[in-house]
Amino acid sequence: MKTIGIIGAGQMGRGIALVCAVADLNVILIDLDEQAAARGIESIAGNLARMVSKGKSTSDEAKAALQRIRASAVLAELVEADVVIEAATENVQIKEDLLRKLDDIVRPGAVIATNTSSVSVTRLGATLADPTRFIGMHFFNPVPVMALVEVIRGLRTSDATFDATVDLAKRIGKQPICVKNSPGFVVNRILIPMINEAIFVLEQDLASAAEIDAGMKLGANHPIGPLALADLIGLDTMLAIMNVLYRDFNDSKYRPAPLLREMVDAGYLGRKSGQGFFSY
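This structure is a prediction, so every number in the text was calculated from the model and none was measured.

Cut-offs used in this document
- Residues numbered from 1 in each chain as written.
- Predicted model: local features only at pLDDT ≥ 70, side-chain atom pairs only at ≥ 80, totals over all residues.
- Heavy atoms only, no water.
- Core = buried A, V, L, I, M, F, W, Y, C linked by side-chain atoms within 4.5 Å.
- Buried < 20%, exposed > 50% of the residue type's maximum accessible area, 1.4 Å probe, protein only.
- Helix = DSSP H or I, 4+ residues; strand = E, 2+ residues; numbered from the N terminus.
- Contact = heavy atoms within 4.5 Å.
- Expected span 1.5 Å × (residues − 1).
- UniProt positions renumbered as here; feature names shortened; annotations may be inferred.
- Polar contact = N/O pair within 3.5 Å; in protein donor to acceptor, adjacent residues only side chain to side chain.
- Pairing = 2+ DSSP bridges.
- Axes fitted to C-alpha atoms, helices over the stretch in contact; angles between N-to-C directions.
- Domains from an automatic or database assignment.
- Buried area = accessible area lost by both parts, 1.4 Å probe.

K.L.:
Could you give me a rundown of the nonpolar core, with the residues and numbers involved?
P.N.:
Among the nonpolar cores identified, the biggest contains 36 residues, and Ile4, Ile16, Ile85, Met137, Phe139 and Ile172 are the most heavily contacted of them. No other element matches the seven residues that helix α1 (residues 11-22) contributes to this core. Residues contacting phenylalanine 139, with those up to four places away along its chain left out, are Met12, Ile16, Ile85, Asn115, Leu148, Val149, Ile172 and Lys174. Ala198, Leu229, Ala230 and Leu245 belong to the second-largest nonpolar core, a separate cluster that totals 24 residues.

In structure tokens form, the structure reads like this:
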């Protein structure tokens, strides 16, 4: 593998591009919004500068990594990629539409992966002519910091695709775990309902947001409280994952907290909007 294509220059896509470039891989960062693609490069440059200031990289290494990334708004450039990672917003329709377009662009034999945090990998793979080359590669935010990657096999994912994806995860310094396809996979199946329950606790006025987070940090040894973590993840992403769990399991224990829906409707999405359960 020499060239990695990444679709989506948002927080996740930028992070994936950064770790791939640092690992000596060429990166094509695609966003259909040209300005978003340009902002993605600026953000990556800023992250690399911080790595240099902290002694985690030299100036020459950072410069070389940045030069290995090119941004574009043209999907057709992904014909050069050995692996394409779709990191678009957590919306099934958007992801399926993108994958149909990729099917006509990405060369035969190249791996196509999705960074979905909850959507069925088997379902998404069914949009491709060859589902055997499709797999889930779920990174965690912030990508440069978090070591884990869930490698999710769809029902028709081939062994060759799985092995290549595990190798890629290790090459970019991540620790992969093998996960079967299921709503929410492993981490979000456990984590997101826990955060949702914290939102119910807040909604019922049992304690303030700060007290709830302090309780989980001091009483459960969590490094960050559940409500601050929700703000970091993005409340819109939180709601999307809860909706998938609720729909696919058809179990009321996965119902999204009404307060979560209300905050998303209000545009209070967490860090990305400047306001969530806390102000930023």
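K.L.:
Which residues make up helix α7 (residues 187-203), and what are the values?
P.N.:
Given a rise of 1.5 Å per residue, 17 residues ought to cover 24 Å, and the 24 Å separating the end C-alpha atoms of α7 matches this to within 8%. Of all the residues in α7, the buried ones are Asn188, Ile192, Pro193, Ile195, Asn196, Ala198, Ile199, Phe200 and Leu202. Next to the buried residues of α7 lie β6 (134-139), α8 (209-220), α9 (226-233), α10 (235-249) and α11 (258-266). One or two steps after α7, the chain reaches aspartate 205, where phi turns positive at roughly 60°.

K.L.:
Go over the UniProt feature "site: Important for catalytic activity" (unreviewed entry) in the protein chain, please, and point to the residues and values.
P.N.:
Mapped onto the present numbering, the UniProt feature "site: Important for catalytic activity" (unreviewed entry) falls on His138. Note on histidine 138: relative accessible area 4%, which makes it buried. Separated by 2.8 Å, the side chains of histidine 138 and glutamate 150 make a polar contact.

K.L.:
Report on the sheet that holds strand β4 (residues 83-86), specifying residues and quantitative values.
P.N.:
Ordered by their spatial adjacency, eight strands build an open sheet running β3-β2-β1-β4-β5-β6-β7-β8, and the pairing between neighbours is mixed. Since the sheet does not close on itself, it has two edges, and those belong to β3 (69-72) and β8 (175-180), each with one partner. Strand-to-strand twist of the sheet, defined as the mean angle between neighbouring strand axes without regard to direction, takes the value 25°. Pairing of strand β1 (residues 3-7) with strand β2 (residues 26-30) involves five bridges; the strand directions are parallel.

K.L.:
I'd like a rundown of unusual backbone geometry, residues and numbers included.
P.N.:
Note that the residue after asparagine 141, namely proline 142, is joined by a cis bond; omega there is 0°. One can find proline 142 in the loop between β6 and β7 (148-153). The phi torsion at aspartate 24 lies on the positive side, around 70°, for a residue other than glycine. Position of aspartate 24 among the secondary structure elements: in the loop between α1 and β2. In this structure aspartate 24 comes out as exposed when scored by relative accessible area, which is 53%.

K.L.:
I'd like a description of the environment of proline 108, backed by residues and values.
P.N.:
As for its placement among the helices and strands, proline 108 is situated in the loop between α4 (92-103) and β5 (111-114). Spatially, the C-alpha atom of proline 108 lies 9.5 Å from that of aspartate 82, the residues being 26 residues apart in sequence.

K.L.:
Tell me about the domain arrangement of the protein chain, and name the residues and values.
P.N.:
As far as domains go, the protein chain holds domain 1 (3-180) and domain 2 (189-271). A separation of 27 Å is found between the C-alpha centroids of domain 1 and domain 2. With both chains or domains summed, domain 1 and domain 2 bury close to 510 Å², and 60% of this area falls on carbon and sulfur atoms. When the buried surface of domain 1 facing domain 2 is broken down by residue, Glu90, Ser118 and Asn141 rank first, second and third, together holding 56% of it.

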